[in-house]
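# Examining the three-dimensional arrangement
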Amino acid sequence: MKKKSLLRMMTLVVAAVLILSGCGGGTPVAEETTAPEPVETTLPETADKPQSDFEESQIVEKAADNEMHVYAGGRHTLALKADGTLWAWGSNDEGQLGNGMRTTYPTWEAQFAEEAGAAFVPLENNDSYVPIQVMEDIIDAAAGGSASYAVTKTHQLYAWGGNTYLQLGLADMNRSLIPLPVMEDVARVYASDMQAAVIKTDGSLWFFGYEPKDYTYDIEQDVIIHPLTAPIEIMKDVKDVALTGNGVMALTESGEVYAWGGRNAVGFEYADADADYVLEPVKVLENMKLISNAGQVQMAVNTAGKLFTWGFNGYSGSLGIETDAFYVNEPVAVMDQVRDIAESMALTESNTVYAWGDIHAAYDTMVDSGVAGGGLIGPIVEFGPVPKVLFEDALEMARADRLYVIDQDGVLWGLGNNQFGKLGDGSATSYTYELFDDGEYTEVSVKIQEDNNRVDWVRIMDLNE
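Throughout what follows, the structure given in this document is the object of discussion. (Residues numbered from 1 in each chain as written. Predicted model: local features only at pLDDT ≥ 70, side-chain atom pairs only at ≥ 80, totals over all residues. Heavy atoms only, no water.)

We now examine the nonpolar core. Grouped together as the largest cluster of nonpolar side chains are 19 residues, with contacts concentrated most on Met 345, Val 353, Leu 390, Phe 391, Leu 403 and Trp 457. For this core, the secondary structure elements donating two or more residues are β26 (345-348), β27 (353-355), β29 (372-382), β30 (388-392), β31 (394-399), β32 (402-407) and β33 (411-416). One finds Leu 251, Val 266, Val 284 and Ile 291 within the second-largest nonpolar core, a separate group that totals 18 residues. (Core = buried A, V, L, I, M, F, W, Y, C linked by side-chain atoms within 4.5 Å. Buried < 20%, exposed > 50% of the residue type's maximum accessible area, 1.4 Å probe, protein only. Helix = DSSP H or I, 4+ residues; strand = E, 2+ residues; numbered from the N terminus.)

Here it is as structure tokens:
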């Protein structure tokens, strides 16, 4: 791989590479226990778009009574305590911790200018390995790849961190190291690596940052992303949204699921379409109450509590079903009595968290633009292709390249990748980078220098205190 190609790959890897991850809380479960047997279900063919085969019922609000939440970003984490204070920890390379500081790194060239094998040491390290308070009077938040968002009790949206793709909803700035006001009348906020979305108090869905369909290629076939220069309204009567790098799902108040973006991120008959992208929202399901779209794993729970998955299955069983297929384009039933979902995870009515697939360790290398790059170092935790009990007595969960669970007592627990101190337990995993350069090709070998990744649960903080 030529040097220029390597740098190009590292700049784009956030959008291109799927990193599986997860979260947990409550009472950790040491032994793996199989979930209820997956039920093979075929959705009926219709003259319109595919629909679920269950009767309509009252739509249930997601985590309606829960005032404590955890939000897993690419390299940092946010947690909302019961008192309305918002806390952050992990990487601060783009100011995503909101404390007015930033972690800086040497350029790629400077890092390997002398001898290979040195650790990738920051010029100035302002990451936080423990939670720090950012704001108060918050009712919702979201953590993107390098950006953070919060909604106040007065429904004002604030954003801070990286703004490479204008994902903060603010033009003419590279980043913000402190929270800045963006939009009024906001009820909920959502984020992924390069974009964000909000549902306003009137139920309208607004989108800003990189819109999945909007890119071109330059003369060397590099992807050129054209982010939105200002937030745009997409649709109305929206109850919930799920984002991934190349696809969006929206759940309406009446239980209809709409999807658009990359054809594989939409699924159904659109995965076989000639065009790369589904340009406008299309209805794909009905009678649903929950949706998730993280890591190209599409998930939906119907009003009867049955979980369906489709999309990316990969080699680690991301869909929770016994199949060798890399992609599954039609929803398949996984388990019943589900009340909340996250990427390759389900929380049941009995407060038990199930997980499947692998949690991978990711390393991130900062180029001079501050954009993350890197690759995979192999699984930290392997659950297998079918759901297994991960945690009991849980209230909420979240997943990225690590897992979080809030237990019924309000204690937040973490498991998995701990680079940049993402688990918030006061430690961090570090790496060494060895460069191989013969003048024509450049390769990088990555090894763990200090391993603080966690295969057992660690207690992070009490969200009731």
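Looking now at the sheet that holds strand β11 (residues 186-191). Strand pairing in a sheet takes place through backbone hydrogen bonds and is either antiparallel or parallel in direction. The sheet built from 4 strands is open, its strands ordered β11-β12-β13-β16 with antiparallel pairing. Strands with a single pairing partner mark the edges of an open sheet, and in this sheet they are β11 and β16 (232-235). Neighbour-to-neighbour, the strand axes of the sheet open up by a mean angle of 30°, direction not taken into account. Bridge analysis of β11 against strand β12 (residues 195-200) gives 5 bridges, and the strand direction is antiparallel. Bridging from a neighbouring strand, Arg 188 pairs with Ile 199 of β12. (Pairing = 2+ DSSP bridges. Axes fitted to C-alpha atoms, helices over the stretch in contact; angles between N-to-C directions.)

Here we take up the packing of aromatic side chains. Applying the stated rule across the entire model yields 8 aromatic pairs. Geometrically, the ring pair formed by Phe 312 and Phe 326 is edge-to-face, given 5.1 Å between the ring centres and 85° between the ring planes. Here Phe 312 is found in strand β23 (residues 307-312), whereas its partner Phe 326 is found in the loop between β23 and β24 (327-335), with 14 residues between them in sequence. Its relative accessible area of 13% is what places Phe 312 among the buried residues. (Phe/Tyr/Trp six-rings, centres within 6.5 Å; stacked < 30°, edge-to-face > 60°.)

A few words on the side chain of His 69. Looking at where His 69 falls in the secondary structure, it is placed in strand β3 (residues 69-72). Here Glu 396 takes part through its side chain, which lies 2.6 Å from a polar atom of the side chain of His 69. (Polar contact = N/O pair within 3.5 Å; in protein donor to acceptor, adjacent residues only side chain to side chain.)

Okay, a negative patch on the surface next. On the surface, Glu 184, Asp 185, Asp 202, Asp 237 and Glu 253 cluster together into a negatively charged patch. Residue placement: Glu 253 occurs in the loop between β18 (247-252) and β19 (257-262). (Patch = residues over 30% accessible without salt bridge, like charges linked within 9 Å, V, L, I, M, F, W, Y side chains within 5 Å. Areas by Shrake-Rupley, 256 points an atom, 1.4 Å probe, with all protein chains shown as cover. Salt bridge = Lys/Arg side-chain N within 4 Å of Asp/Glu carboxyl O. Lys, Arg positive; Asp, Glu negative; His and termini not counted. Charge placed at Lys NZ, Arg CZ, Asp CG, Glu CD.)

A few words on the environment of Ala 72. Secondary-structure assignment places Ala 72 in strand β3. Along the backbone, Ala 72 and Gly 145 are 73 residues apart, and their C-alpha atoms lie at a distance of 9.2 Å. When neighbours within four sequence positions are excluded, Ala 72 is seen to be in contact with Thr 77, Ala 143, Ala 398, Arg 399, Ala 400, Arg 402 and Tyr 404. (Contact = heavy atoms within 4.5 Å.)

For the coordinates displayed, the defined rule picks out 11 salt bridges. Residue Arg 402 is joined to Asp 401 by a salt bridge in which the shortest nitrogen-to-oxygen separation is 2.9 Å. Side by side, Arg 402 and Asp 401 carry an identical accessibility label, which is buried. Its salt-bridge partner being Lys 422, residue Asp 401 comes within 2.6 Å of it at the nearest N-O pair. On the criterion of sequence distance, the pair formed by Asp 401 in the loop between β31 and β32 and Lys 422 in the loop between β33 and β34 (430-437) is long-range, its members being 21 residues apart. Across the pair, Lys 422 and Asp 401 agree in class, each one buried. Salt bridges linked by common partners bring Glu 256, Lys 283 and Glu 286 together as one network.

Spatially, β7-β8-β9-β10 is the arrangement adopted by the 4 strands of the open sheet, whose pairing is antiparallel. Two strands in the sheet have a free side with no partner beyond their single neighbour: β7 (138-143) and β10 (175-183). For this sheet, the mean angle separating the axes of adjacent strands, direction not counted, is 20°.

Bringing unusual backbone geometry into the picture now. Not every positive phi belongs to a glycine, and Asp 137 is a case in point at roughly 60°. Structurally, Asp 137 is set in the loop between β6 (128-135) and β7. One non-glycine residue, Gln 337, lies in the positive phi region at around 55°. By the secondary structure assignment, Gln 337 is in the loop between β24 and β25 (338-342).

In this structure, Gly 416 sits in strand β33. Sequence separation between Gly 416 and Val 458 is 42 residues; the distance between their C-alpha atoms is 9.7 Å. Discounting residues that sit within four places of it in the chain, Gly 416 has contacts with Ile 380, Asp 401, Arg 402, Leu 423, Asn 453 and Arg 454.

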